[in-house]
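Below are the chains, spelled out letter by letter.
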Amino acid sequence: MAMVECMKHLSTLSNERFLRGWFQVLIAHYHNWRNGVRHRNISLGNLMCRSEEKDPVCAVLNDWDLGIDARDATLTHTGFEVTGTVPFMAIDLLTREAFDGKVAVLYRHDLEAFIWVLIWAVCCYDNGKMVYTVPKGLYKWDVREPLVCGALKRAFLAHSTPIEPASGDWGDRFKLASLLQVFLADKVTDRQAKANTVLRQTVHQHEWLQGPGPSPRSSHQTLPREQEEEDDPERVWYEFWAYLEQFKEEVPCIADFMPKDLGKAGDTDDKQ
């Protein structure tokens, strides 16, 4: 007789318990990534828990249908395949370049997906009850138009659009979502600044700028993109926690999961 474990969606828990489960899955996912295990579909629906009533929360990252072992040399996996649930996918993966296979999937993309999951939960759920089917003002983050979703999410960060929690009961946990929204916006700005620097250097190197007449080369030069960015999960993980450490007095739940030694990038203990 087949035995199937009964699990519940993490979104059915109270706000405080949801956040504890979110941190648990975030930490477990990081260690899996470092060991070559890729889930490839971080979404609110895939965050589950083994018990709704008992403490501590035992959170689970569910649905490994798209998962791979990146260390398996027999796989045809290239690292450029775009998978995921559109509203939660990283902005860089919701681009034409990504769907054309020109953007490597990095750990930072999955970390960003976890942050979108948290923002979505804060905006739509209140103590285990769905209040809104989609966050207010974000209804166009539609699975049918991933490129539009990516552009809207980029504008959401660029314009510092305030998120609206489903209820006031989220308390300081709502503040965490807002802080991580700023974290994402700062990272997008930093990457754009670096891309602009490369663009300026490329323009100055064009031969057609050194004299009259058409350039013997194409006037369009493809800039280095994600495929040239090295995946560095330890650095990304360290920067994430170093950023949150500044706010652990304002948002007490941060301290519950803060790595004991931020001097060692990626060194963290799983806590309940």
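Residues numbered from 1 in each chain as written. Predicted model: local features only at pLDDT ≥ 70, side-chain atom pairs only at ≥ 80, totals over all residues. Heavy atoms only, no water.

Looking at the overall build of the protein
Argument step 1. In terms of regular secondary structure, the protein is built from 7 helices and 7 strands.
Argument step 2. Every one of the 272 residues in the protein was classed for burial, and the buried ones make up 42%.
Argument step 3. Working note: accessible area of the protein is about 14,500 Å², and carbon and sulfur atoms make up 52% of it. (Helix = DSSP H or I, 4+ residues; strand = E, 2+ residues; numbered from the N terminus. Buried < 20%, exposed > 50% of the residue type's maximum accessible area, 1.4 Å probe, protein only. Areas by Shrake-Rupley, 256 points an atom, 1.4 Å probe, with all protein chains shown as cover.)

Focus: unusual backbone geometry
Argument step 1. Positive phi outside glycine occurs at D63, with the angle close to 65 degrees.
Argument step 2. One can find D63 in the loop between β4 (59-61) and β5 (68-69).
Argument step 3. Although it is not a glycine, N127 adopts a positive phi angle of roughly 50 degrees.
Argument step 4. Here N127 shows up in the loop between β6 (125-126) and β7 (129-130).
Argument step 5. Judged by relative accessible area, which is 34%, N127 ranks as partly exposed.

Section: the packing of helix α1 (residues 15-34) against helix α6 (residues 233-245)
Argument step 1. In contact at an axis separation of 10 Å, α1 and α6 are set at 155 degrees when each is read in the N-to-C sense. Classified by the angle between their axes, α1 and α6 sit roughly antiparallel to one another. Contact residues: α1 offers W22, F23, L26, I27, Y30, W33 and R34, while α6 offers P233, E234, W237, F240 and W241.
Argument step 2. For the contact of α1 with α6, a count of residues per class yields 10 nonpolar, no polar and 2 charged. (Axes fitted to C-alpha atoms, helices over the stretch in contact; angles between N-to-C directions. Parallel < 35°, antiparallel > 145°, perpendicular 65-115°, else oblique. Contact = heavy atoms within 4.5 Å. Nonpolar A, V, L, I, M, F, W, Y, C, P; charged D, E, K, R; others polar.)

Here's the deal with the packing of aromatic side chains
Argument step 1. Under the defined criterion, the tally for this structure stands at 18 aromatic pairs.
Argument step 2. Measuring from centroid to centroid gives 4.2 Å for Y30 and W237, while their planes differ by 5 degrees, and the two rings are stacked. With Y30 in helix α1 and W237 in helix α6, this residue pair connects regions lying 207 residues apart in the sequence. For the pair shown, Y30 and W237 are each scored as buried.
Argument step 3. Here the aromatic rings of W237 and W241 are separated by 5.7 Å at their centres, their planes lie at 75 degrees, and the arrangement is edge-to-face. Pair noted here: W237 and W241 are both in helix α6, with a separation of 4 residues, about one helical turn. The same class applies to W237 as to W241, namely buried.
Argument step 4. An aromatic cluster of three or more residues is present, and its members are W22, F23, Y30, W33, Y107, F183, W237, F240, W241, Y243, F247 and F257.
Argument step 5. Directly above the ring of W33 sits R38, whose terminal nitrogen or CZ lies 3.9 Å from the centroid.
Argument step 6. When the ring centre of W141 is taken as origin, the NZ or CZ atom of K153, which lies over that ring, is 5.6 Å away. (Phe/Tyr/Trp six-rings, centres within 6.5 Å; stacked < 30°, edge-to-face > 60°. Lys NZ or Arg CZ within 6 Å of the ring centre and 35° of its normal.)

Some details on the packing of helix α3 (residues 107-124) against α6
Argument step 1. Running from N to C, α3 and α6 cross one another at 35 degrees; their axes reach a closest spacing of 9 Å. Listed contacts from α6 to Y107, R108, L111 and I115 of α3 are P233, V236, W237 and F240.
Argument step 2. Residues belonging to the contact of α3 with α6 are distributed by class as follows: 7 nonpolar, no polar and 1 charged.

Quick word on the pattern of salt bridges
Argument step 1. Considering all chains together, one arrives at 16 salt bridges under this definition.
Argument step 2. The partner of R34 in a salt bridge is E234, and the shortest N-O contact between them spans 3.0 Å. Taken together, the residues span a long stretch of sequence, with R34 in helix α1 and E234 in helix α6 at a distance of 200 residues.
Argument step 3. Linking D172 and R173 is a salt bridge whose minimum nitrogen-to-oxygen distance equals 4.0 Å.
Argument step 4. Ionic contacts of the salt-bridge type, sharing partners, join the residues D92, R108, R154, R191 and E229 into one network. (Salt bridge = Lys/Arg side-chain N within 4 Å of Asp/Glu carboxyl O.)

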